[in-house]
Amino acid sequence: MIIRTRLAAGVCALLAALTAGLAFPAGAAAGEPTGQDAPKVDLVLDVSGSMRARDIDGQSRMAAAKQAFNEVLDATPEEVELGIRTLGADYPGDDRKTGCKDTAQLYPVGPLDRTEAKTAVATLTPTGWTPIGPALLKAAGDLDGGDGSKRIVLISDGEDTCAPLDPCEVAREIAAKGIGLTIDTLGLVPTAKLSRQLSCIAEATGGTYTSVEHQDELTDRVNQLVDRAADPVVTPVPTEGADRCAGAPTLKSGLYTDREEFGQQRFYRVDVRPGQELRASVSVAADRAVNPGYGVLMRAVTSKGREIVRGEAAGNGRTDVISTGLRYPKAESDDEDAPAEAVCLAVSHSFSAASGVKATPGLPLELTVDVVDAPSQAGDVAAFGLGSGWWLLGVLILTGFLAGLVWGWLSRWRVAVWRTN
């Protein structure tokens, strides 16, 4: 009896496994990583005078940063090229012009020599100003070149002291270059003003901001960010849309990034052959303060301006990213040599800048374009009123029917044994 019960359980498990395999087939990757070069990370450390404060686990902020850096250097993946840049480490004087140039590459971005990098970090002493903006510009130059992932990790305990070179505006300018660089920020025992500034820097490039008050938090977070740089990524291709369809750039299937100013409309061209389907989506992010109530509109239009299909979405200020998309299938043609149709994607948004906020560079947008073979009529319409997933429902019904038969047979057998006994 025990053997038969186990056999029945095994049959049920096998049926369940087969159902799971059919219901959730292995999917193809949405995109392959485009970066072939080694991932690069530049750690930018604030070494200004305020780093002497002893408020992180009974030690100075500088000591906590050094300890964290030593542990991060030990754990850095071999494939990551890492560098260290300082700000405020060399000039102790009061001349603002000189102090705002005080940023230097402590260890160049490249293959990591852990001993050499640790020795360089050990020499640091809290000294001068806090030129975050100039340091970010230099750090972007440290990571220039190559198509691998690029990441700046900024660690500071105070807001920038070198305005009007606003570090938030610097971050937006870096993002507008379309070089795929992400800036993550960490605030050591931050004030509300510092948190706002570091958050703005991170948001401008799609990075993250973290508040840190303990040494182990600093170590763990920097380790996470360095490890993240080694993860495969799909890097968007920079493009520049036109103000009319006639001059629009021609895009193929892929992921693209651009900037769109307030009140502007951008056009992109996609060639669609008969029997193909265009699938496109766009996301627009508010990387600065905007007024509540906004939307994004994407339209597919012919070269003569006739609208084919549109997608639109609206927001109310609770989110800083809004997305929409559309699909356009082009019918088959009896003529095998029929030319492709030039379809223009027109993208516009209704974001408006809050008072005192700069309008340039424009808001970042990410555009996904996919041109695929159009689905056949049989596979793209409802079947028996059950939709395109009818086959999955059929498998589940069959599985349930077989499992019910097995369970009923077991129940009858057990009842028969009980009566015999």
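Everything quoted here is computed from the prediction, not taken from an experiment.

Colleague: Describe the sheet that holds strand β14 (residues 341–349), naming the residues involved and giving the relevant values.
Modeller: The sheet built from four strands is open, its strands ordered β9-β14-β11-β12 with antiparallel pairing. Strands with a single pairing partner mark the edges of an open sheet, and in this sheet they are β9 (265–272) and β12 (307–315). Mean inter-strand twist for the sheet, computed between neighbouring axes without regard to direction, equals 15°.

Colleague: Now, about the packing of helix α5 (residues 132–142) against helix α6 (residues 167–176): what can you tell me, with residues and values included?
Modeller: Packing of α5 against α6 brings their axes to within 8 Å, and their N-to-C directions diverge by 20°. The orientation of α5 relative to α6 falls into the category roughly parallel. For the crossing formed where α5 meets α6, the hand is right-handed. Counted together, I132, G133, L136, L137 and A140 of α5 and P167, V170 and I174 of α6 form the full contact between these two elements.

Colleague: Go over the pattern of salt bridges with me, naming the residues and quoting the values.
Modeller: Applying the stated criterion across every chain yields a total of 18 salt bridges. The salt bridge partner of D157 is R61, with a shortest N-O separation of 2.7 Å. Taken together, the residues D157 in the loop between β4 (150–156) and α6 and R61 in helix α2 (residues 61–75) connect sequence positions 96 residues apart. There is no split in this pair, since D157 and R61 are both buried.

Colleague: Residue-level account of the nonpolar core, with values.
Modeller: One broad rule of soluble globular proteins: the nonpolar side chains tend to lie buried together. Residues L43, L45, I155, L186, L218, V222 and V226 are the most contacted members of the largest nonpolar core, which totals 32 residues. Sorting the residues of this core by element identifies β1 (40–46), α2, β2 (81–87), α4 (114–122), β4, β5 (181–188) and α8 (215–229) as the ones contributing at least two each. Beyond its immediate chain neighbours, meaning those up to four positions away, V222 contacts L43, V72, I155 and L186. Counting residues in each nonpolar core, the second largest holds 27 residues, with Y256, V282, V284 and L345 among its members.

Colleague: Tell me what's going on with the pairing of strand β15 (residues 363–373), and back it up with residues and numbers.
Modeller: Inspection of the sheet shows strand β8 (residues 254–260) paired to β15 by seven bridges, in the antiparallel sense. Note on β15: the bridge partner recorded for E260 is L363. Relative to β15, strand β10 (residues 276–285) runs antiparallel, the two sharing nine bridges. The partner of R279 across the bridge, within β15, is D370.

Colleague: Report on the packing of aromatic side chains, specifying residues and quantitative values.
Modeller: Evaluation of the coordinates by the stated rule reveals one aromatic pair. Between the aromatic rings of Y294 and F351, the centroid separation amounts to 4.2 Å while the plane-to-plane angle is 20°, which identifies the pairing as stacked. With Y294 in strand β11 (residues 294–301) and F351 in the loop between β14 and β15, this residue pair connects regions lying 57 residues apart in the sequence.

Colleague: Go over the environment of E341 with me, naming the residues and quoting the values.
Modeller: Its place among the elements puts E341 in strand β14. The spatial distance from the C-alpha of E341 to the C-alpha of V270 is 8.2 Å, given a sequence separation of 71 residues. When neighbours within four sequence positions are excluded, E341 is seen to be in contact with V270, D271, V272, T302, I308, Y328 and K330. Within the structure, E341 has its side chain in polar contact with the side chain of K330 (distance 3.2 Å).

Colleague: Summarise the sheet that holds β8; cite the residues concerned and give the values.
Modeller: Strand order across the open sheet formed by five strands is β7-β8-β15-β10-β13, with mixed pairing between neighbours. The open sheet has two edge strands, β7 (237–238) and β13 (321–329), and neither has a second partner.

Colleague: Could you give me a rundown of helix α7 (residues 192–204), with the residues and numbers involved?
Modeller: Over its 13 residues, α7 extends 18 Å from the first C-alpha to the last, a length consistent with the 18 Å expected when each residue adds 1.5 Å. Those residues of α7 that sit buried are L194, S195, Q197, L198, S199, C200, I201, A202 and A204. Lining the buried residues of α7 we find α5, β4, α6, β5, β6 (209–212) and β8. Positive phi shows up at G206, right after α7, with a value of about 80°.

Colleague: Give a description of the state of the cysteines that names residues and reports values.
Modeller: Here, disulfide denotes a covalent bond that connects the sulfur atoms of two cysteines. Tallying each qualifying case throughout the model produces three disulfides. Covalently, C100 is tied to C162 through a disulfide, its sulfur atoms 2.0 Å apart. Between C100 and C162, the S-S torsion sits near -100°, and that sign places the bridge as left-handed. Of this pair, C100 sits in the loop between α3 (96–99) and β3 (103–110) while C162 sits in the loop between β4 and α6; the two residues are 62 residues apart in sequence, bridging distant segments of the chain. One exposure class covers both C100 and C162, and it is buried.

Colleague: Before we move on, could you go through a nonpolar patch on the surface and cite the residues and values that matter?
Modeller: A cluster of nonpolar side chains, contributed by L398, F401, L402 and L405, occupies part of the molecular surface with about 380 Å² of accessible area. On the accessibility criterion, L398 (48% relative accessible area) is partly exposed.

Colleague: Describe unusual backbone geometry, with residues and values.
Modeller: For the bond running from T360 to P361, omega is -5°, close enough to zero to count as cis. In this structure, P361 sits in the loop between β14 and β15. One non-glycine residue, D57, lies in positive phi territory at about 55°. If you trace the backbone, D57 turns up in the loop between β1 and α2. Since its relative accessible area comes to 46%, D57 is described here as partly exposed. Phi at V189 is positive, roughly 45°, even though this residue is not glycine. With respect to the helices and strands, V189 occurs in the loop between β5 and α7.

Colleague: An account of the side chain of D102 is requested, with residue identities and associated values reported.
Modeller: Topologically, D102 is positioned in the loop between α3 and β3. For the buried D102, no salt bridge exists, and the shortest N-O distance to an oppositely charged side chain is 8.5 Å, to R85. One polar contact links the side chain of D102 to the main-chain amide nitrogen of D90, over a distance of 3.0 Å. Not counting the four nearest positions on each side in its chain, D102 is found in contact with T86, L87, G88, A89, D90, Y91 and P131.

Cut-off values and rules
All residue numbers refer to position in the chain's written sequence, counted from 1. Since the coordinates come from a predicted model, pLDDT governs what is reported: local features require at least 70, and pairs of side-chain atoms require 80 or more to be given and counted, while whole-chain, interface and lining totals use all residues. Excluded from the side-chain calculation are hydrogens and water; included are all heavy atoms of the structure. When DSSP finds two or more bridges between two strands, those strands count as paired. Numbering of helices and strands runs from the N terminus, with a helix taken as a DSSP run of H or I at least four residues long and a strand as a DSSP run of E at least two residues long. The axes used here are C-alpha line fits, helices contributing only the stretch in contact, and every angle between their N-to-C directions lies in the interval 0 to 180 degrees. Roughly parallel means an angle under 35 degrees; roughly antiparallel, over 145; roughly perpendicular, 65 to 115; everything else is oblique. Handedness of each helix crossing follows the sense of rotation of the near helix against the far helix: counterclockwise by less than a right angle gives left-handed, clockwise gives right-handed. Throughout, a contact is declared for two residues whenever any of their heavy atoms are within 4.5 Å. Definition used for salt bridges: Asp or Glu carboxyl oxygen within 4 Å of a side-chain nitrogen of Lys or Arg. Exposed residues in this analysis have more than 50% of their type's maximum accessible area, buried residues have under 20%, and partly exposed residues fall in between, with area computed by a 1.4 Å probe over protein chains only. The criterion is simple. A nonpolar core is a set of buried Ala, Val, Leu, Ile, Met, Phe, Trp, Tyr and Cys residues joined through side-chain atoms within 4.5 Å. Geometry of aromatic contacts follows a simple scheme: Phe, Tyr and Trp rings, the Trp one being its six-membered ring, pair when their centres are within 6.5 Å, and the pair is stacked under 30 degrees between planes, edge-to-face over 60, tilted otherwise. In protein, a polar contact means a hydrogen-donor-capable atom and an acceptor-capable atom, both N or O and within 3.5 Å, with residues adjacent in sequence counting only if both atoms are side-chain atoms; elsewhere, any N or O pair within 3.5 Å suffices. To estimate the expected span of a helix, subtract one from its residue number and multiply by 1.5 Å. To count as a disulfide, a pair of cysteine sulfur atoms needs to be within 2.5 Å. The patch calculation keeps residues exceeding 30% relative accessible area without a salt bridge and links them within 9 Å when they carry like charges or within 5 Å when they are nonpolar (Val, Leu, Ile, Met, Phe, Trp, Tyr). Note on areas: Shrake-Rupley, 1.4 Å probe, and residue coverage restricted to the protein chains presented here. When charges are counted, Lys and Arg are positive and Asp and Glu negative, with His and the chain ends excluded.

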